[in-house]
Amino acid sequence: MRLTADSLSRTWCDTLCHWNKLDRGKILWRYLHPQMPGILNAVLQMDSVTSLSPSTGSQLSVDEMNLLSKLEEQNRLLENDSKSLYPLNGVLRSPTSPKTFSFEDDIWGDVIKDWDDWCKRKVGQIKVLTRRGVPAHRRPAVWQLLCDVQNVALEQKYSDLLKSSSRSETLILRDLARILPQHQLFHNKVGTCQKQLFNVLKAYSILDQEIGYCQGSVFIVGLLLTQMAEEDAFYLFVRLMKDFRMRDLYRSDMVELGCCVYQFDTMIKDQLPELHSHFQTQGFHTSVFSSSWFLNILLSSLPIRTAIRIFDIFMCEGLEIVFRVGLALLHMKQTELIKLDVEGMTNCLQNLESWASDPDGIIEVAYQIKYNPSRMKQLRQEYASIKTKKQQEQEELNGLSSENKHLKQRLALLEKRCSEKLVSQLKKELEKTQLNTARSQSALKEMQANILQMEETELIGCRLQESEALTELKVLKQHIKDLDEKWQKQQVHCGGQQKVTNAQNGLQGELLSTRLKEALAQAALKESRHKLMKLQTENTIYSNQLKRIEAHINIQRDHLQELTSQNQDLCSQLQQSRRQFSTVQCKRDKEANLAVTAVLQKQITELQIQLSKHTASLSQPALRPSTSAFSEAQ
């Protein structure tokens, strides 16, 4: 066990108040305060004093009174600045000085015995003693006192909780089967630890169903079980979850974990800008390695000897030590990390056994790190503002998404209504067209019937005329035949009468020939008239047919123009609907892309944190300390 001047200054003051312990106090003061010769000489001049009561202060010499006043002033300074590691000369003294004292156990025994007095008046000394390490056999009692386990009040006892069943049992067993054989904390203790670990984790998951079971708690509960009994470990774990921000770290929304990662990343940016710039260049997010550091207090990454020392300080000072040690580790390996890529940095920062085996050196560097509580509070407020802004943006995106969904539904409804309206309109137009077509067909049939009737009438008239012409032609032919017969008879008669003069015969023959020609001409004329009448009839019929066809063509042309106009109107309506739809679709796609981008960014951040958790749980510690080394660490 190691002590500093800060702690022993208070111890020495108590020693002066109890003069029977003067000799040990002188030795301590001579050893730890070589830079205070005035006080030391005054103490050495009091060697002859062996027994004095505090009530005999009036009999002390002037030097003794001066010494007491100086020591009391030193105590007041230490009480006012309980975190100070600076002696009166202003030079930083490491809380991990390698000097040890044989009476360290007695001091911790006094601390445990008079705990109420120490925790009220000597908080600074407790912190310094804790930073230097707690003796292994004192550790269970000290941890329970630091966490005030004796005042834990639960609605259900531990034994009652074990009788219930938890919905996380399968998950706990799966993680234990995977983690226990691999991690150095449980080396050679898998069989004995698994049942106890399962009981504690199951009992807490039943006690706090909002948080349930978190994978990082395996390492913390496992460490507690190496130091104390199962039930004591459970109550201590309950206190850690309640009063040490661990419950907030394990919440499903990861707000507290995100805040710690944000604070840690800002500390890297402020104090290690070159390394932070390398992280940014490589696209290496701090949460990849730091989230597991906060979730299990570095237990999954550091060697067990170093991890226990860090956990001692965590019990006393909280998460501040994780920030300090994390930054100290990065500071110690900054040169090496800058040379690595993302994969190399991930492996290096998740397996620290090879270069984090000196707890004193790490703690010494850790307390040289600048840690400003005011700055941390400011960073917490900044993160809260950023988170609030993101939540507002997310709410706005959710609102836009909901509105987009509503618009999609409305658009679908409008499209449905528009299509229904269009279909209804087309049906009406079709019915109207069919009705007009039926009317046109009826009118056409009626006209065709009239035309047929007219054609039949004209045809009958033409046929009557034709029959009359034929009758007249037959009559004429019969007349011609009769004339021809008469002519023959006349020739016969003239042949018998030789006495008729040739002149008369010639005139009669000419007359008959002329009559015959006239009859033939009349017959030819009538035949020509008959053909002309037939042609006129056919021309009339064809003209009527042509008129009917032209009328039908005009009707069809008008109907075509009407349909074309309706088609143009419908096309214009369709194009307008398409333009409106494309406009709405563009807006909807744009809003959807924004919403999807924001959701994906959030999911990427959450997945990075979950990946870091999962990677930390899957890390394979390279160091396997032997039983003797573990005993030495304790």
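These numbers were taken from a predicted model, which means no experiment stands behind them. (Residues numbered from 1 in each chain as written. Predicted model: local features only at pLDDT ≥ 70, side-chain atom pairs only at ≥ 80, totals over all residues. Heavy atoms only, no water.)

### Quick look at the overall build of the protein
Secondary structure summary: the protein contains 25 helices and zero strands in total. Classification of the 634 residues of the protein by burial places 40% in the buried group. Considering only residue pairs separated by 6 or more positions, the protein has 81% of its internal contacts joining residues 24 or more positions apart. Entry remark: accessible area of the protein is about 36,000 Å², with carbon and sulfur atoms responsible for 52%. (Helix = DSSP H or I, 4+ residues; strand = E, 2+ residues; numbered from the N terminus. Buried < 20%, exposed > 50% of the residue type's maximum accessible area, 1.4 Å probe, protein only. Contact = heavy atoms within 4.5 Å. Areas by Shrake-Rupley, 256 points an atom, 1.4 Å probe, with all protein chains shown as cover.)

### Here we look at a nonpolar patch on the surface
Residues V596, L600 and I604 make up a contiguous nonpolar surface patch of roughly 260 Å² in combined accessible area. What makes V596 partly exposed here is its relative accessible area of 45%. (Patch = residues over 30% accessible without salt bridge, like charges linked within 9 Å, V, L, I, M, F, W, Y side chains within 5 Å. Salt bridge = Lys/Arg side-chain N within 4 Å of Asp/Glu carboxyl O.)

### Quick look at the confidence of the model for the protein
Averaged over the protein, the pLDDT score is 75; the fraction of residues at 70 or greater is 75%. This model gives residues 1-59 a pLDDT under 50, and the stretch forms 110 contacts once residues within four places in sequence are excluded. Taken together, the stretch residues 619-634 has pLDDT below 50 and engages in 30 contacts with residues farther than four places along the chain or on a different chain. (pLDDT = per-residue confidence, 0-100.)

### As for the packing of helix 7 (residues 123-131) against helix 18 (residues 304-317)
The angle between the axes and the distance between the axes are what describe a pair of packed helices. Contact geometry for helix 7 and helix 18: axes closest at 8 Å, N-to-C directions at 165°. When the axis of helix 7 is compared with that of helix 18, the two are roughly antiparallel. Every pair of crossing elements has a handedness; the one defined by helix 7 and helix 18 is left-handed. Contacts from I126, K127, T130 and R131 of helix 7 reach helix 18 at R309, D312, I313, C316 and E317. (Axes fitted to C-alpha atoms, helices over the stretch in contact; angles between N-to-C directions. Parallel < 35°, antiparallel > 145°, perpendicular 65-115°, else oblique. Left-handed = near helix turned anticlockwise from the far one by under 90°.)

### Quick notes on the nonpolar core
Ranked by internal contacts, the top residues of the largest apolar core, which has 101 residues, are I220, L224 and F311. Leave out the neighbours within four places in its chain, and L224 touches W143, A233, L236, F237, L240, F311 and M315. L476, I480, A519 and A523 belong to the second largest nonpolar core, which has five residues in total. (Core = buried A, V, L, I, M, F, W, Y, C linked by side-chain atoms within 4.5 Å.)

### Let's talk about the layout of surface pockets
Its volume calculated, the largest pocket comes out at about 880 Å³. Around the largest pocket, the lining is made up of 32 residues, and of these Y383, K387, K390, K602 and T605 lie nearest the centre. Looking at the lining of the largest pocket, the elements with two or more residues in it are helix 15 (255-271), helix 16 (273-282), helix 23 (373-496) and helix 24 (502-618). If one sorts the elements of the lining of the largest pocket by residue count, helix 23 sits on top with nine residues. Of the residues contributing to the lining of the largest pocket, the split by class is eleven nonpolar, 13 polar and eight charged. (1 Å grid on protein atoms, 1.4 Å probe; cavity = no way out; pocket = protein on both sides within 12 Å on 5 of 7 lines; lining within 4 Å. Points joined across faces, edges and corners; volume = space filled by probe spheres on them. Nonpolar A, V, L, I, M, F, W, Y, C, P; charged D, E, K, R; others polar.)

### Focus: the packing of aromatic side chains
Applying the stated criterion to the full structure yields 17 aromatic pairs. With a centroid separation of 6.4 Å and 50° between ring planes, the pair formed by F264 and F323 is classed as tilted. Taken together, the residues F264 in helix 15 and F323 in helix 19 (residues 320-332) connect sequence positions 59 residues apart. Among the aromatic residues, those joined into a ring-pair cluster are F264, F279, F284, F289, W293, F294, F323 and Y371. Seen from the ring of W118, K122 lies directly overhead, with NZ or CZ sitting 4.6 Å from the centre. (Phe/Tyr/Trp six-rings, centres within 6.5 Å; stacked < 30°, edge-to-face > 60°. Lys NZ or Arg CZ within 6 Å of the ring centre and 35° of its normal.)

### Looking at the packing of helix 18 against helix 19
Running from amino to carboxyl end, helix 18 crosses helix 19 at an angle of 140°, the nearest separation of the two axes being 8 Å. It follows that helix 18 is oblique to helix 19 by the angle criterion. Contacts between helix 18 and helix 19 involve I310, I313, F314 and E317 from the former and E320, I321 and V325 from the latter. A class-by-class count of the residues in the contact of helix 18 with helix 19 yields five nonpolar, no polar and two charged.

### Considering helix 16
Each α-helix turn comprises 3.6 residues. Residues three or four places apart therefore point the same way. If you check which residues of helix 16 are buried, you get L275, H276, H278 and F279. Viewed end-on, helix 16 has its buried residues packed into an arc of 155°, placing them on one side of the element. The exposed residues of helix 16 that point more than 90 degrees off its buried face are E274, Q280 and T281. On its buried face, helix 16 sits against helix 15, helix 17 (287-296), helix 19, helix 20 (334-338) and helix 21 (342-350). Following helix 16 by one or two positions, G283 has its phi on the positive side, about 70°. (Arc of directions from axis to C-beta.)

### Some words on the environment of V365
Position of V365 relative to the elements: it lies in helix 22 (residues 359-366). For the pair V365 and V325, spaced 40 residues apart in the sequence, the C-alpha separation amounts to 7.9 Å. Ignoring sequence-local partners within four residues, the contact set of V365 consists of A328, H331 and M332.

### Some points on the environment of H559
The residue H559 is located in helix 24 in this model. Judged by relative accessible area, H559 falls into the partly exposed class, the value being 21%. For the pair H559 and N436, spaced 123 residues apart in sequence, the C-alpha to C-alpha distance is 9.2 Å.

### A word on the pattern of salt bridges
One pass over the full model with this rule turns up 17 salt bridges. We note a salt bridge from D248 to R251, for which the minimum N-O separation is 3.4 Å. Linked by salt bridges that have partners in common, D208, E210, R247, D248 and R251 make up one network.

### Quick notes on the state of the cysteines
Counted under the stated rule, the structure contains zero disulfides. Cysteine C259 remains unbridged, with the sulfur of C260 as its closest cysteine sulfur at 5.7 Å. (Disulfide = S-S within 2.5 Å.)

### Remarks on helix 22
Across the eight residues of helix 22, seven count as buried, placing the element largely inside the fold. When helix 22 is considered as a whole, its buried residues turn out to be P359, D360, G361, I362, I363, V365 and A366.

### A few points about the side chain of Q263
On the secondary structure map, Q263 appears in helix 15. Residues within four places of Q263 in sequence aside, it is in contact with F323, M376, L379 and R380.

### Here's the deal with a negative patch on the surface
A contiguous patch of negative charge on the surface is contributed by D106, D110, D114 and D116. Position of D116 among the secondary structure elements: in helix 6 (residues 115-121). According to the relative accessible area criterion, D116 is exposed, its value standing at 54%. (Lys, Arg positive; Asp, Glu negative; His and termini not counted. Charge placed at Lys NZ, Arg CZ, Asp CG, Glu CD.)

### Observations concerning the side chain of R324
Structurally, R324 can be placed in helix 19. Take R324: its relative accessible area is 9%, and that puts it in the buried class. In contact with R324, not counting residues within four places along its chain, are A366, Y367, I369 and Y371.

### Notes on unusual backbone geometry
Located in the positive-phi region is M254, a residue other than glycine, with phi close to 60°. Inspection of the secondary structure assignment puts M254 in the loop between helix 14 (246-249) and helix 15. One non-glycine residue, L298, lies in positive phi territory at about 65°. Relative to the helices and strands, L298 is located in the loop between helix 17 and helix 18.

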